[in-house]
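Analysis of the macromolecular model
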Amino acid sequence: MFVNREEIPVYPIYRDPVHDFGFFRYDPAALKFLSYEEIPLAPEAASVGLEIRVVGNDSREKISILAGTLARLDRDAPHYKKDGYNDFNTFYIQAASGTKSGSSGSPVINWQGKAVALNAGSKSSSSLAFLFPLERVVRALNMLQKGRDLCQDKWEAVTIPRGTIQATFVHKGFDETRRLGLQNETEQLVRKSSPLSETGMLVVNSVVPGGPAYDHLEPGDVLVRMNGEVITQFLKMEMLLDDSVGQNVELQFERGGTSLTVQLVVEDLHSITPNYFLEVSGGVIHPLSYQQARNFRFPCGLVYVSKPGYMLHKAGVPRHAIIKRLANEDVSNLEDFINVLSKLSRGARVPLEYINYKDRHRTESVLVTVDRHEWYASPQIYTRDDNSGIWIRKPALPSDSQLTSSAIIQVANGVAGMNISSSEHVIAEVEDSTSPGDIVVSNDQDTSSDSGNASVAERVIEPTLVMLTVSVPSSCMVDGVNTQYFTGTGVIIYYSEEMGLVAVDKNTVATSASDIMLSFAALPIEIPGEVVFLHPVHNYALIAYDPSVIEPAGNSLVRAAQLLPEPAVHRGESVYLVGLSKSLQAKSRKSVVTNPSATLKISSADSPEVIELNTHFGNNFTGVLTDEHGRVKALWGSFPTQIKYGENSSKGHQLVRGIPIHSISQVLNEIISGAKGPSLVINGIKRRMPLVRVLEVEFCSTLLSKARSFGLTTNWIQALVKKDPVRRQVLRVKGCLAGSKAENLLKQGDMVLAINKKIVTCFNDIEDACHAMDVYDDMDAKLELTIFRQEVMWEILMNPVVRFALRDMKCVKVGTDVRDGNGTTRVINWCGCFVQAPHPAVRALGFLPQEGHGVYVTKWSSGSPVQRYGLSAQQWIVEVNGKPTPDLDAFVNVTKEIEDGEFVRVKTVHLNGKPRVLTLKQDLHYWPTWELRFDPETATWHRRIIKSLETGDSL
């Protein structure tokens, strides 16, 4: 982007492997309206006391000019961070110009308009600026210009020789070199051979293991000569190394007063600067670069995790890890890693060993689960092409690799089947050289301290409890989910040879686009599970697992809980709260129900009525509520909420309440007996799943004493009290979901008194009325609601103000909506933004754009075109290039017509109703258009390319 707002493409052609500068090229003919001149480079003009101007975009403000004065020409290279980029083997120039972010790379010019340095960094705690000298820049520029002159029709990459012995030097004053043991004769020689301004010498600071200087140079060695020339400056040393790539150089240095000489091979610096990387499951892995090798003191070329991504991060592999083994095979380089990866299949669980520079002397071992679903593209190799200035992508694995297929291989515990013995027999495997008599195996487990104090409910329910570990891939964080990892306790509610079902709250399993691992309290095994039902109203999900992956002996230890939906929990009833600790140990506490039908005052509550106790284990403990015999009466689950701090800030929080088991039992019976909804394959068997009829209205309860003040008649109040003498409440409409059948019929504040001539006082009454309509098999069936609506009219007289209340009692026929339990099953990524159909939480806000509301932006990716051009989340895309996009299919059809590099005009409508038009540039090379869609026939998520630079239109 030029100063006259002309925008043209630029292409990177060189980046220095050590120093903080690089070059882009562009076509001058592409500029149509701007006349300009180049800035001359004059590194020799830099001097202490020189007045300068830094011209750039300081603090992201367009065109700022800051004044300053050069104070030093021999400052040490700034140290930015210990595990990232740092410049070295060079001096920096120091000035007091007060530059901040946005000025990196800005020219530092003198009064003649010549550039004497490049602005590189600054110190935030002061006004100091760090400027990079231009000598190396001028050398590289001259070589690039010569290469350009040799090019005929198109640009060809130019090789700029850069040499290294993989050693870092620092400049130390003569006073310190003397303390390091420098001989007086050597100091006199150096001072005599150097300018009068010279104040010190180069000293070895670090040596990279495995490099040319390793085992030859040590920290504290004082460099005297290189190839017979006295060297005291970085620039001269680098010039000698650059001119000697692939050759030997002779170094003379002193170590503790002893003169030593060594011959070292100068290595090509570009050869240890990776120009390719592997992208797998959203992570980036490449050979360890020279930059990071000197930071971490590891040899160059090891398998380095630059970005863990989903698969590795889920396993606990951190950023900057060095992978040593995968699937019990050694990996010493990236090719070894790819070779092992190609042998794995989807869903495989294999061990991985790595080391971390923070704890380099110990090897960590984790279990990595290969993605079971196609959350991400198959592993790709990106290679830098300096001719075109882009990274070329190609598949990393052969076409016959198991990982490139969609097949999922069910493997218990990942690698092999696990034999689970019964609790009464312990089997010990020993080497042949050991006699069985030498091994003492005790069958008597001293559990008196635990089981003796445990309640009957705890002992009965423990074999039914499961700990769920849930991971949400970043490529499919739909429905407003903003966290990737969750844990919670679930309960097995059904068990057979073909299927096991676990119930858990939706704060643990928020979306069907999840990877779930189940750990059983009854036996030491961890197996995968799949989301099969997300209740559209209540706060629970059902997870299926395959019992066949557990050996028969292990299955005998696991059982389903006995559900007790009737009678309902009542106030003052004693219940047992039972859950699991992090170590999978059952914990229980006897509690008393204080409110069996409480209403949560949070906007995100999914369950209409919840159970409150007089005590619990904290807001992170989940489990079940049982009677004294261990029969489950409620699921003790967590609900997400926000705690506000001040007016504009809030923090995520959760609270726990009881979810009555009635709804869970009702859905379970439909699954077992055969529901009327869509089919879903569960463990290879196609099953019909339930449909849930709902009235898409949010209700709140109001005490009858307040309802009387709103004008509700005495007769209705008496009828409501007779129906429910405990609650003494009436339901009021809080709002209708946008786009629902009730939206234009009910108003906020309406009191719902009866449905189909039956008085209603609680949320369960409404749910029962909806459920009763399922027997008619009429999707368009309507409920007859008797409502009380009060319309208030104000009339201003001279004095005082008189208020008139117009009371209106009427019957309204309201249509119901039928939902399945799949949740969001389709998401599209376009230009780095994730779009989906609006989920219920968005519709509950009561607004959908009239122009079209089927394309909702739920998330965006860092570095993407939508981030650059400001297309944020929480808004709808209603038009693209003037063409309406009422739904995802229309959106796909419109965007498929747009080619790579084209500018796109996008009209959006925000949640607050404000429309906006913006433009962005499509980049199909790095940001192809793709979709993730759930296939119920295979019970897997599939990734499909819609349009990319390599394949064009694919759908």
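Every value quoted in this text rests on a predicted model; they were computed, and no experiment measured them.

A short note on the confidence of the model for the chain
When pLDDT is averaged along the chain, the result is 87, and 90% of the positions lie at 70 or above. Contacts for the low-pLDDT stretch residues 411–450, under 50 throughout, to residues beyond four places or in other chains number 38 contacts. Predicted confidence is poor over residues 792–807, with pLDDT under 50, and the contacts of this stretch with residues over four places away or in other chains come to 20 contacts.

Some points on the sheet that holds strand β7 (residues 115–122)
The strands that make up a sheet pair up through hydrogen bonds in the backbone, lying either parallel or antiparallel. Around the barrel, which closes on itself, the six strands sit in the order β3-β4-β5-β8-β7-β6 with antiparallel pairing between neighbours. Ignoring strand direction, the axes of neighbouring strands in this sheet form an average angle of 45 degrees. Here three bridges tie strand β6 (residues 107–109) to β7, and the two strands are oriented antiparallel to one another. Across the sheet, residue isoleucine 109 finds its bridge partner in β7, namely alanine 115.

Topic: empty space enclosed by the protein
Taken as a whole, this structure holds ten cavities of 30 Å³ or more when the rule is applied. Estimates place the volume of the largest cavity at around 130 Å³. Forming the walls of the largest cavity are His535, Ser663, Gln666, Val667, Glu670, Pro690, Leu691, Val692, Arg693, Glu767, His771 and Asp774. Taken together, the elements giving at least two residues each to the lining of the largest cavity come down to α11 (661–673), β40 (692–694) and α14 (763–772). Among the residues forming the lining of the largest cavity, the class breakdown is four nonpolar, four polar and four charged. When its volume is computed, the second largest cavity comes out at roughly 110 Å³. Along its surface, the second largest cavity is lined by 13 residues, and Ser281, Arg346, Asp371, Ala377 and Pro379 are the ones closest to its centre. Class assignment for the residues of the lining of the second largest cavity results in eight nonpolar, three polar and two charged.

Section: the sheet that holds strand β31 (residues 541–545)
Ordered in space as β26-β27-β28-β31-β30-β29, the six strands form a closed barrel in which the pairing is antiparallel. Pairwise comparison of adjacent strand axes, ignoring direction, gives a mean angle of 40 degrees for this sheet. Of the strand pairs in this sheet, strand β26 (residues 465–471) and strand β27 (residues 485–495) are connected by seven bridges, and their pairing is antiparallel. Considered in β27, the bridge of methionine 467 is made with threonine 489. Sheet strands in contact with α11 are β27, β28 (500–504), β30 (526–534) and β31, and its direction is about 60 degrees off that of β27.

A look at the environment of aspartate 774
Relative to the helices and strands, aspartate 774 is located in the loop between α14 and β45 (782–796). According to the relative accessible area criterion, aspartate 774 is partly exposed, its value standing at 22%. Separated by 83 residues in sequence, aspartate 774 and leucine 691 place their C-alpha atoms 9.3 Å apart.

Considering the nonpolar core
Formed by 54 residues in total, the largest nonpolar core has its most connected members in Ile493, Val532 and Leu542. The element best represented in this core is α11, accounting for five residues. Discounting chain neighbours no more than four positions away, the residues touching leucine 542 are Ile493, Val502, Ala503, Glu530, Val531, Val532, Phe533, Ile664, Val667 and Ile671. With 30 residues, the next largest nonpolar core counts Val303, Met311, Ile323 and Val368 among its residues.

As for the pattern of salt bridges
Evaluation of the coordinates by the stated rule reveals 41 salt bridges. Ionic pairing is found between aspartate 242 and arginine 139, a salt bridge with its closest N-O pair at 3.6 Å. Highlighted residues: aspartate 242 in helix α4 (residues 234–242) and arginine 139 in helix α1 (residues 135–150), separated in sequence by 103 residues. The pair formed by aspartate 242 and arginine 139 is uniform in burial state, with each residue classed as buried. Salt bridges here are not isolated pairs; linked through shared partners, they connect Asp16, Arg136, Arg139, Arg162, Glu238 and Asp242.

Definitions and limits used
Residues numbered from 1 in each chain as written. Predicted model: local features only at pLDDT ≥ 70, side-chain atom pairs only at ≥ 80, totals over all residues. Heavy atoms only, no water. pLDDT = per-residue confidence, 0-100. Contact = heavy atoms within 4.5 Å. Pairing = 2+ DSSP bridges. Helix = DSSP H or I, 4+ residues; strand = E, 2+ residues; numbered from the N terminus. Axes fitted to C-alpha atoms, helices over the stretch in contact; angles between N-to-C directions. 1 Å grid on protein atoms, 1.4 Å probe; cavity = no way out; pocket = protein on both sides within 12 Å on 5 of 7 lines; lining within 4 Å. Points joined across faces, edges and corners; volume = space filled by probe spheres on them. Nonpolar A, V, L, I, M, F, W, Y, C, P; charged D, E, K, R; others polar. Buried < 20%, exposed > 50% of the residue type's maximum accessible area, 1.4 Å probe, protein only. Core = buried A, V, L, I, M, F, W, Y, C linked by side-chain atoms within 4.5 Å. Salt bridge = Lys/Arg side-chain N within 4 Å of Asp/Glu carboxyl O.

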